[in-house]
Each structure stands twice: as C-alpha cells, then as structure tokens.
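Residue-level structure breakdown
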Amino acid sequence: MPVCPIILYPDPVLKQATEPIGALDSEVDALIQDLVDTMYDAGHSVGVAAPQIGVSRRAVVVDVSHSKLGKDNNHGLLTMINPRVIEKSGSKTMREGCMSVPDYTGNVTRAETIVVEFTDRAGRSRVIECSGFEAVAIQHEIDHLDGMLFLDRVSSLKTDLFRRKNS
Amino acid sequence: MQHFALTIIGRDRTGIVSQVTEILYELGCNIADSSCSILGGQFAMILILDHPEYVDRDSFGDAFLPLEESGLSVFLRVLKPGGEIRPEIEGEICMISVYGSDKPGIVYRVAQVLGENQVNITDLNTKLVGSADNPVYVLMLEAVLPENMTEQDIDTWVAPLRDELQVDITVRTIHTAEL
C-alpha cells in the first residue's frame, strides 16, 4: 500500500469539514491502510488524518505507543472511522506542531482525558477513554476532520505567562 | 533581494502597529518574521523586512520621519546576504525558570553558565514583579541543547547559582509533539 505525501497548508482540503463514512467497503479499508503506512513511514508521526493525505472523509489513525510521551499510556494502533469525542475533562497544554504546517509550533490547551467513540477498521463500534498524550493526539487528528488546524487553537504566546495579571 | 531588520520602540499607546505597518505597506516592504511586545511602558517592535528594489538605508528616504515625529525611535539595520535565513537549530528544547528577590547579575550569571557550555538561548524574557518592598525578578528562557546534552547537565551547571544568587531555578525539557 502506498505511503502518501502529506498535504501542506494552504491546500483547501485541510480547512474543509469532512464527509462521514458510510459503509466500510474496500475503499475505506485502503484509505485506512494508506493512513497507517503514511504515519509509520514518517517515523516520528503519531497520527494522520485523512485530509492530510488529501481525502476529505472522517478517518484518522493514531499510535503513540512508540513515542517517548505516550509509550506508558496508550491503546496501541487506533484506526478510527467517524470518531467523536463524547466526554472531555481536565486540561493539558502541550507545544504542538503539525506535519501539514511545517516549521511552526505553538502551545495548545486541550482536554487531559477524553472518551471517544468510533468504528474501528474491523467495523466494531468502540468507546474508549484516553488520557495524556494519546488524548492530545486524538483531539488534534479529529480537529483535522472538522477543518481545524492547531493554529486555530494556539492558547498563548510563549511570553504569555507575564500577561495574565491584568487580563 | 536585500533584507533589513527594523527596530521601533516608544511609549506604548494604541495605533503604533498600524502606523508602522501602513508605512511599510505603502513602501512595498514585505514583513517576514517579527516580534512585538510591551516592555515596561514601552512598545517594542522587531521586524525582518525585504523590498524588491531597496538596497540600503538611503532607499527608505525619510519614510520613517513621521514615526520619529510621533515619539518613536527607529533603527534600521541592513542585513548581510543570508542574514534573514533562520538557522536549523536541532536539539531538545529546554525551558529554564529563574526567580527570586531582585538583585544584580541574575541574567548575566545564568547566561554566562549557558554560554560557557555552548547552550544556544533562543528566547528570553525577564520581568520585575512583586512589590516595591519586595521586588521579585523572574527570568524565563528557552534554549536548545547541543547533541548529547541533557536537562540534568543544565541543572548541574546552574545548581551553584541557587546559593550564589539566592534564586529558585527549575530546568525542564519541552516536548514538541508533531502530530
């Protein structure tokens, strides 16, 4: 299965809301395989969303198990079709970057713990609770399905900690 | 294309950014990287510019005169070729917080220790906070660690400064997640 080139902003596909996936046919399975292959090929990548390979459909893959930040708390490889966050709690700020927006990073605050429902590659409905880096990665990838980039969520400039007093 | 660095500073008020950028826009200058912030009561702007035809300071003529007349100080630096290109600095990002009762030498001593060990400071902010009776100095800096250097190495080097300067220092690695 092919490793796909990562689509870079300003390609409009990255700012579009994606189409929900209906039947899990061979086309959807091939899409999932492309996402997995592309993620692992990138080496350091822990997640890829379908729009990042130019497909405007609701599918993401996430695997933080090989990363320093996620290796102790993860569900391994997650293939998520029509994923939806149904509960959020806590908050966690991380410095994020994105393969589709090279050379820029920013502090983003997201939920620390999420409950997410999705259909997996085998067609099973699943509901799982994730926390920490895995939760951040899933929220970042699901944002791609709604045409959101981390740039839309940057929570502070690096110097912001000095400004809170009067805000 | 010739690149320039423009620094503008003056008493903070509304409208400085629009006043400056209107002039740059009318001249046909492109703003690349820039950073602007309030420091004390002053608003400071630092911008990297380019212009398709301008070659030196004289090219700008008296375009910045209105800024000077409104109380802003303007400094233009003509960059040498390649001076606009950000170097690729590879390595772990480390955040260092230093804070304590205000006293001379906090920034210098921390920067000296880092410099002696070839640690590249990429971002640094300081602020004097606390009360008139108890001024507290806060220094936050980000540095990129050379290969094979760890957060523990930094901590070991700055440790003597805790006693010497009577400050609290914490060192931590910032993990950037490319998703």
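Analysis parameters
Residues numbered from 1 in each chain as written. Chains lettered and ligands numbered in written order. Predicted model: local features only at pLDDT ≥ 70, side-chain atom pairs only at ≥ 80, totals over all residues. Heavy atoms only, no water. Contact = heavy atoms within 4.5 Å. Buried area = accessible area lost by both parts, 1.4 Å probe. Salt bridge = Lys/Arg side-chain N within 4 Å of Asp/Glu carboxyl O. Axes fitted to C-alpha atoms, helices over the stretch in contact; angles between N-to-C directions. Helix = DSSP H or I, 4+ residues; strand = E, 2+ residues; numbered from the N terminus. Parallel < 35°, antiparallel > 145°, perpendicular 65-115°, else oblique. Left-handed = near helix turned anticlockwise from the far one by under 90°. Nonpolar A, V, L, I, M, F, W, Y, C, P; charged D, E, K, R; others polar. Buried < 20%, exposed > 50% of the residue type's maximum accessible area, 1.4 Å probe, protein only. Arc of directions from axis to C-beta. Pairing = 2+ DSSP bridges.

We now examine the interface of chain A and chain B. Tallying the contact residues gives 24 residues for chain A and 17 residues for chain B. Both faces combined, the contact of chain A with chain B buries some 1,800 Å², and carbon together with sulfur accounts for 57% of it. Across the chain A-chain B interface, the total number found is two salt bridges. The closest approach of N and O atoms between Glu92(B) and Lys68(A), which form a salt bridge, is 3.0 Å.

Glancing now at the packing of helix 3 (residues 106–116) of chain B against helix 4 (residues 151–165) of chain B. All names here are of chain B. Here helix 3 crosses helix 4 at 155°, and the two axes come no closer than 10 Å. Considered as vectors, helix 3 and helix 4 are oriented roughly antiparallel to each other. As helix 3 runs across helix 4, the sense of the crossing is right-handed. Only Ile 154, Trp 157, Val 158, Leu 161, Glu 164 and Leu 165 of helix 4 make contact with helix 3, whose side of the interface consists of Ile 106, Arg 109, Val 110, Val 113 and Leu 114. Residue composition of the contact of helix 3 with helix 4, by class: nine nonpolar, no polar and two charged.

This paragraph deals with unusual backbone geometry. Note that the residue after Tyr9(A), namely Pro10(A), is joined by a cis bond; omega there is 15°. Counting through the fold element by element, Pro10(A) comes out in the segment before helix 1 (26–41). Unusually for a residue other than glycine, Asn82(A) sits at a positive phi of about 50°. Counting through the fold element by element, Asn82(A) comes out in strand 3 (residues 78–89). For Asn82(A), a relative accessible area of 26% translates into the label partly exposed. Even without being a glycine, Asn148(B) presents a positive backbone phi close to 70°. Within the secondary structure layout, Asn148(B) lies in the loop between strand 7 (135–144) and helix 4. With relative accessibility at 74%, the residue Asn148(B) sits in the exposed group.

Moving on, we get to the pattern of salt bridges. All names here are of chain A. A complete count under the given rule lists 13 salt bridges over all chains for this structure. In this structure, the salt-bridge partner of Glu 27 is Arg 57, at a minimum N-O distance of 3.5 Å. Taken as a pair, Glu 27 in helix 1 and Arg 57 in the loop between strand 1 (47–49) and strand 2 (59–62) lie far apart in primary sequence, 30 residues in all. Shared partners join several salt bridges into a network, and the residues in it are Glu 96, Arg 110, Asp 143 and Arg 153.

Residues and elements named next belong to chain B. Among all positions in helix 3, only Ile 106, Val 110, Val 113 and Leu 114 are buried. Buried residues of helix 3, viewed axially, fall in a sector of 95°; they line one side. The outward face of helix 3, more than 90 degrees from its buried face, is lined by the exposed residues Tyr 108 and Glu 116. Positive backbone phi, approximately 60°, marks Gln 118, located one or two places after helix 3.

Time to look at the sheet that holds strand 7 (residues 125–131) of chain A. Residue and element names in this part refer to chain A. Taken together, the five strands give an open sheet; going across it, the order is 1-2-3-6-7, and neighbouring strands pair in antiparallel fashion. Each having just a single partner strand, strand 1 and strand 7 make up the two edges of the open sheet. Taken over all neighbouring pairs, the strand axes of this sheet differ in orientation by 35° on average, direction set aside. When strand 6 (residues 113–119) meets strand 7, the two strands line up antiparallel, connected through seven bridges.

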